[in-house]
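# Structural overview
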Amino acid sequence: MRERFSRHSSDRKRLFSHMEIGMAGLLVCAVVLAVAQTVSGSSSRPNVLFLVVDDLRPKLGCYGESNMVTPNIDQLASKSVRFNYAYVQQAVCSPSRTSFLTGRRPDSTRIFDLRHYFRQLAGNYTTLPQHFKNNGYITQSVGKIFHPGSASGFTDDYPYSWTYPAFHAPTKKYTGKKICPRPDGKLYHDAVCPVDLNTVPGGSLPDIQNTDYTIQFLKNRSMDHKPFFVGMGYHRPHLPFAYPKEYLDLYPLSKIHLAVNPFRPPWLPNVSWTPWDELRSYEDISAMNISYPFGSVPLHYQLKLRQSYSAAASYTDAQVGRILHALDQFGLANNTIITFHGDHGWQLGEHGEWCKHTNFDIATRIPMFVYVPGVTSENTSPGKMFPFQDALSKTLKYEPVKQNSGQSLVSDALTEAVDLYATISELAGLDVPPTCPNNPFQVEFCTEGASLVPIIKNLTSPTKSAPLRWKPAVFSQYPRPSFNPGHDSINPVLSHIRIMGYTMRTAQHRYTEWLAYNHTTFTAHWDHVEAQELYVYASDPDENLNVAYVPAFQDLVTALSKQLRAGWRSALPKP
């Protein structure tokens, strides 16, 4: 067991002041949820807890990261179906969130940047929470579900999607402010930002306050018995890595290692590269005067960034644990579907890259799992399903869940975040949106994903079944303003987009084509290929060597190009 940093009892009380939640009465629901079964009667309809974590890659104990301390997320995964190969449709916040909240891909939402709102640019689509709201659910957004600001109409899509206005923590106003202490006693706007909750501006952090609000929401719902859909969006481990400083002690710097592939790959097209301006904007990084666009973060600071990412993830794990514990104590765990996923991955020095904004596997792959009470885990009496796991406690006997252990239901099928809309709808007994037509812009209710319920049924069947044949490929994309990286490469505004990179992940390969793109007609020119990438996982699991132009692979490139151009429709699971 790791040595934990000792702290005064007042500090621990400060960190977990809201953990003592009184029982709101025994609400053991006599509801047996069966996959694909409609539950009749408003008082017995299953609730939904929709957990989204910003910038979270599968760097978790339950995904085989033995050095990560994420006991609460691992506990949820052990009682869920865990998807090992889940992917987002674009590796940046608003396009990804708009995609999985509408059940449509970026080419149908027409959202590729952080500024535009899908209802104004594409269509008046029925979102996932709106679908539940239309079916009598109380819907509530807490924290970051839709990307805030202009990307969601400055309302987080209220009142379309939500019964009540979205809640944002009061301390969110300090985002972008100087809150990070340094030894000189001054505050800075740093990427690495462990803080003291006793002195941080506002006396708290957004994820703590958002968790407090969600717990109160769950308590209220446990007393009025109305079905709910609550979306809880965590800000960390998104930059800046602001977290209670105690979590640093879980990750001694002497045990932090660099990425195994910290250098820019040979034969990588310039259009594929992101110069990670997001990270460069922080004062601790900008002071290093790293050459642009291909310079490297000094090795000693790479270690500190990787350390703080891990600490921020463990801090988020604690907030997830508080909500799960409250759901359990209030007697709601036996009647609440829980989904957990990241909005995209995050690069921690792999390929010399940081942040997201690429088509690499490390940026597009996410953790994702689905908990269905009574199906993926047996129901229990209140208080026994999700006991809180305090990673800071010296008495915690924590061992990460092994990736392929029998403690959880695991799927190696290729899946996508865009699949969640149909999946949650089917699990809750609501109408499942049909597959969108070729021209989806006038169709309010449809999806471009596939319900994962058949996978869940297959894994939870009392008779041992062979894995289902599922999608042969999954698809993502990323826009660029030009072939060579520049200061608007990471988040180009729509009017600047000139190139679109379409990428396809199969079981054996990742294949990408960078195409000329017309942003006024939203059209990719498939006859104008700017660059190609091919990575072969059997010999190159970390995507370090682009072999798209190697003569020996030209037949494979031709076949994969044909498959990429056939698109997601050709990859939908067969009935």
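Refer to the preceding data block for the structure.
A brief report on the enclosed structure follows. (Residues numbered from 1 in each chain as written. Predicted model: local features only at pLDDT ≥ 70, side-chain atom pairs only at ≥ 80, totals over all residues. Heavy atoms only, no water.)

Here the distance between the centres and the angle between the planes together describe a pair of aromatic rings. Here the structure, examined in full by the defined rule, presents 21 aromatic pairs. On the basis of an interplanar angle of 85° and a centroid distance of 5.8 Å, the ring pair of Phe217 and Phe228 is categorised as edge-to-face. Of the two residues, Phe217 is situated in helix H7 (residues 206-224) and Phe228 in strand S7 (residues 228-234); the sequence distance between them amounts to 11 residues. Here the aromatic cluster, defined as three or more aromatic residues joined through ring pairs, consists of Phe50, Phe100, Phe132, Tyr137, Phe146, Trp162 and Phe229. Just above the ring of Tyr160 sits the side chain of Arg119; from NZ or CZ to the centre is 3.9 Å. If you follow Arg280 out to its NZ or CZ, it ends over the ring of Trp276, 3.9 Å from the centre. (Phe/Tyr/Trp six-rings, centres within 6.5 Å; stacked < 30°, edge-to-face > 60°. Helix = DSSP H or I, 4+ residues; strand = E, 2+ residues; numbered from the N terminus. Lys NZ or Arg CZ within 6 Å of the ring centre and 35° of its normal.)

What follows is about the pattern of salt bridges. The final tally for this structure, using the stated rule, is 20 salt bridges. The partner of Asp54 in a salt bridge is Arg97, with the nearest N and O atoms 3.8 Å apart. Of this pair, Asp54 sits in the loop between strand S1 (47-53) and helix H2 (71-78) while Arg97 sits in helix H3 (residues 93-102), and the two are 43 residues apart along the sequence. Residues joined in a network through salt bridges with shared partners are Asp54, Arg97, Lys144 and Asp343. (Salt bridge = Lys/Arg side-chain N within 4 Å of Asp/Glu carboxyl O.)

Side chains of a nonpolar character, in soluble globular proteins, are inclined to be buried together. Of all hydrophobic cores here, the largest spans 78 residues; its most connected members are Leu279, Leu305 and Phe340. The element that contributes the greatest number of residues to this core is helix H10 (residues 299-329), accounting for 13 residues. Those residues in contact with Leu305 that sit more than four places away from it in its chain are Ala191, Val192, Phe241, Leu279, Ile285, Val297, Leu348 and Trp354. Of all hydrophobic cores here, the second largest spans 63 residues; its members include Val48, Trp470, Tyr502 and Val547. (Core = buried A, V, L, I, M, F, W, Y, C linked by side-chain atoms within 4.5 Å. Buried < 20%, exposed > 50% of the residue type's maximum accessible area, 1.4 Å probe, protein only. Contact = heavy atoms within 4.5 Å.)

Here the focus is the sheet that holds strand S17 (residues 523-536). Within the open sheet, the four strands sit side by side as S14-S15-S16-S17. Their pairing is antiparallel. Taken across any chain shown, the strands that pair with only one partner, and hence form the sheet edges, are strand S14 (474-480) and S17. Taken over all neighbouring pairs, the strand axes of this sheet differ in orientation by 20° on average, direction set aside. The sheet contact formed by S14 and strand S15 (residues 499-505) spans seven bridges and is antiparallel. By the bridge assignment, Tyr478 is partnered in S15 with Gly501. (Pairing = 2+ DSSP bridges. Axes fitted to C-alpha atoms, helices over the stretch in contact; angles between N-to-C directions.)

Turning to the sheet that holds strand S3 (residues 138-143), a few remarks are in order. One open sheet holds the seven strands; their spatial order is S3-S7-S1-S9-S12-S2-S13, and the pairing between them is mixed. If you trace the sheet from one side to the other, it starts and ends with S3 and strand S13 (409-416), each paired once. Here the average twist between neighbouring strands, direction ignored, is 15°. Pairing analysis gives six bridges linking strand S2 (residues 81-87) to S13, with the strands arranged parallel. The residue bridging Tyr85 from the neighbouring strand is Leu414, located in S13. Lying on the sheet, H2 is in contact with S1, S2, strand S9 (336-342) and strand S12 (365-371); it crosses S12 at an angle near 60°.

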